[in-house]
Amino acid sequence: MGGTGNVGRKVVADLAAVGVRTRALVRDPAAAGLPPEVEVVRGDLSEPDSLATAADGVDSVLLIWPFHDTENAERVVRALSGPDRRLVYLSSTTVNDQGPQSDQIPLVHAEMEAAVEAHASEWTVLRADTLASNALSWAGQIRASAVVRGFAVAPSAVVHEGDVAAVAARLLTGSGHAGRKYLVTGPRVVGRAEQVEAIGAALGRELRFEAQPLDVARESMTAAGLPAHLIEVLLSMAEFRPPSDLVTSVVADLTGRPARDVRDWAGERAAEFR
């Protein structure tokens, strides 16, 4: 559920590539652009009544929650769950099991995990660190200048979205994962400055990250047309999220190959910054 996003699209492609019958739930099937062997159905997580039919006959579901609150979460989980159906929820490594949560993003994920555990007959939680693909939001700045300006975020083990997808595919199709939580990270902790430098190296240019004060960042995002609620969610992440030294071997354990570095990601996606 979320078959055209940065992770979902890769999960769909990975499953289809190995011959797993795959169905993708999308808002607009005509614009999905998924492999022809994938069954594409219309549905919307904001319309829980649209989900039961879409999930009919499915053995396992990947739920990617795109909202900044948990309205309708219980209804969605119930609609996607079944007595013989596995539900894999894509969460975040920022969730604090001891609580309280640092900001709105882990708070929503923690509430979603609770809904999944309470209402799915068989569940697995996949907690991912910061996705490398988030850096695509810098593409416009990188094309225009040598400086990326934005709010600073505590460093973490940024993870290739393709590695998250590969783990998700195995959780959806393999056995022995029920009732478990997997924390998926990249191979090392990096900050935004190092991510920007990695993109510059892939482009053959010198790039640097310039951290903005939060009030300046708020003005910039407002001018760019971001919704006010989203701006506050992002700024709370910048202000309150603690540094993380978490690095796990889950990618290697479940896929048989090591997690890819941000430099690998930058080399793969360089054309999108030119």
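The coordinates are above.
Being a predicted model, the structure only gives us computed values, none of them experimental.

**Considering the overall build of the protein**
Step number 1: Helix and strand counts for the protein come out as 11 helices and eight strands.
Step number 2: The C-alpha radius of gyration computed for the protein amounts to 19 Å, which stays within 12% of the reference 19 Å derived for 274 residues, consistent with globular compactness.
Step number 3: On the principal axes, the C-alpha backbone points of the protein span a range of 50 × 35 × 35 Å.
Step number 4: Counting over 274 residues, the protein shows a buried share of 46%.
Step number 5: A fraction of 75% describes how many contacts in the protein between residues 6 or more apart in sequence connect residues 24 or more apart.
Step number 6: When the accessible surface of the protein is split by element, carbon and sulfur atoms take 50% of a total near 12900 Å².
Step number 7: For the protein, the separation between the mean place of its 27 positive charges and that of its 36 negative charges on side chains is 4 Å.

**Examining the packing of helix H3 (residues 73–80) against helix H4 (residues 104–119)**
Step number 1: Packing of H3 against H4 leaves a shortest axis separation of 9 Å and a crossing angle of 40°. With respect to H4, the element H3 is oriented oblique. Helix-helix and strand crossings are classified by hand; for H3 and H4 the assignment is right-handed. The segment H3 lies against H4, with Ala73, Glu74, Val77 and Arg78 engaging Met112, Ala115, Val116 and His119.
Step number 2: Of the residues contributing to the contact of H3 with H4, the split by class is five nonpolar, one polar and two charged.

**Some thoughts on the pattern of salt bridges**
Step number 1: Evaluation of the coordinates by the stated rule reveals 22 salt bridges.
Step number 2: Here Arg127 makes a salt bridge to Glu113, at a shortest N to O gap of 2.8 Å. Residue Arg127 is found in strand E5 (residues 122–128), and its partner Glu113 is found in helix H4; the two are separated by 14 residues along the sequence. Here the two residues Arg127 and Glu113 agree in accessibility, since each one is buried.
Step number 3: The network of salt bridges with common partners includes Asp97, Glu113, Glu117, Arg127 and Lys181.

**Some points on the nonpolar core**
Step number 1: Of all hydrophobic cores here, the largest spans 23 residues; its most connected members are Leu63, Trp65, Leu80 and Leu87.
Step number 2: Those elements that provide at least two residues to this core are helix H2 (51–55), strand E3 (60–63), H3, strand E4 (86–92), H4 and E5.
Step number 3: Here this core takes five residues from H3, the largest share from any one element.
Step number 4: Counting residues in each nonpolar core, the second largest holds 22 residues, with Val88, Val159, Ala169 and Val251 among its members.

**Examining the packing of aromatic side chains**
Step number 1: Counted by the stated rule, this structure contains three aromatic pairs.
Step number 2: Measuring from centroid to centroid gives 6.3 Å for Trp138 and Phe209, while their planes differ by 40°, and the two rings are tilted. Taken together, the residues span a long stretch of sequence, with Trp138 in the loop between E5 and helix H5 (139–144) and Phe209 in strand E8 (residues 208–211) at a distance of 71 residues.
Step number 3: Ring centres of Trp265 and Phe273 lie 6.0 Å apart, and the angle between their planes is 70°; on these two criteria the pair is classed as edge-to-face.
Step number 4: A relative accessible area of 1% places Phe273 in the buried class.
Step number 5: Over the aromatic face of Phe151 sits the side chain of Arg192, whose NZ or CZ is 4.8 Å from the ring centroid.

Rules behind the numbers
- Residues numbered from 1 in each chain as written.
- Predicted model: local features only at pLDDT ≥ 70, side-chain atom pairs only at ≥ 80, totals over all residues.
- Heavy atoms only, no water.
- Helix = DSSP H or I, 4+ residues; strand = E, 2+ residues; numbered from the N terminus.
- Rg over C-alpha atoms; globule rule 2.2 N^0.38 Å.
- Buried < 20%, exposed > 50% of the residue type's maximum accessible area, 1.4 Å probe, protein only.
- Contact = heavy atoms within 4.5 Å.
- Areas by Shrake-Rupley, 256 points an atom, 1.4 Å probe, with all protein chains shown as cover.
- Lys, Arg positive; Asp, Glu negative; His and termini not counted.
- Charge placed at Lys NZ, Arg CZ, Asp CG, Glu CD.
- Axes fitted to C-alpha atoms, helices over the stretch in contact; angles between N-to-C directions.
- Parallel < 35°, antiparallel > 145°, perpendicular 65-115°, else oblique.
- Left-handed = near helix turned anticlockwise from the far one by under 90°.
- Nonpolar A, V, L, I, M, F, W, Y, C, P; charged D, E, K, R; others polar.
- Salt bridge = Lys/Arg side-chain N within 4 Å of Asp/Glu carboxyl O.
- Core = buried A, V, L, I, M, F, W, Y, C linked by side-chain atoms within 4.5 Å.
- Phe/Tyr/Trp six-rings, centres within 6.5 Å; stacked < 30°, edge-to-face > 60°.
- Lys NZ or Arg CZ within 6 Å of the ring centre and 35° of its normal.

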